[in-house]
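So the chains spell out like this:
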Amino acid sequence: MIQEDIKNMICCEMKSQKDAFFSIPDIDSYIDKVMGSGNLVTHYNNGKLIGFVAFYCNDETMKHAFVSLIVVSPEMRNTGISCSLLETVVFMAKRKGMEKVRLEVKKNNHRAFGFYEKHGFKVNSQTEISYIMELPI
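For every chain, the first residue of its written sequence is number 1, and the numbers climb from 1 along that sequence. Local features in this predicted model are restricted to residues whose pLDDT is 70 or higher, and side-chain atom pairs enter the listing and the counts only when it is 80 or higher, whereas totals over whole chains, interfaces and linings include all residues. Working from all heavy atoms in the structure, the side-chain values ignore hydrogens and water.

J.: Even after reading the chapter, I still don't get the pairing of strand E5 (residues 122–126), so can you show me in this structure?
T.: Successive residues of a regular strand alternate their side chains across the two faces of the sheet. Pairing analysis gives four bridges linking E5 to strand E6 (residues 130–136), with the strands arranged antiparallel. Following the sheet pairing, Val-123 is matched in E6 by Met-133. Any two strands with at least two DSSP bridges between them are considered paired. Helical segments are the DSSP runs of H or I of at least four residues, strand segments are the runs of E of at least two, and each set is numbered from the N terminus. Hairpin connection, E5 to E6: the antiparallel pair is bridged by three residues.

Here's what the structure looks like:
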């Protein structure tokens, strides 16, 4: 059930965001990978998935957590859910001994870039199409 909810939310987000969003060629494999070696925090309201964050806290050498994906349903944006999900990542990463939270955001995804910047993330490096941002914790 949860995997199907996540798959549906990712598909809807990919359709609505187009260029600002990255593509996931095999959504089922991505979800299996996150469920197997990552962390997934979901937010439901009245039985409906309205947001989730997928992230990893398994880099014991560098002590970096990595946010793979945050998605909040369009009708629930600007309600604090994405902030709560990000705070949960930071809390869990600290608890697991991580020292930084990292993520990648496409350069043309101005909304996401602004969101992460507002929450203290700074650009650490960049590629032709994306920024690698990090937050010391």
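The structure having been displayed, the exposition proceeds.
J.: Teacher, can you tell me more about the environment of Gln-3 here?
T.: Topologically, Gln-3 is positioned in helix H1 (residues 2–17). Burial classification: accessible surface area is computed with a 1.4 Å probe over protein chains only, and a residue below 20% of its type maximum counts as buried, one above 50% as exposed, and the rest as partly exposed. Residue Gln-3 is classed as partly exposed on the basis of its relative accessible area, which comes to 34%. Between the alpha carbons of Gln-3 and Ile-27 there is a distance of 10.0 Å; along the sequence they are 24 residues apart.

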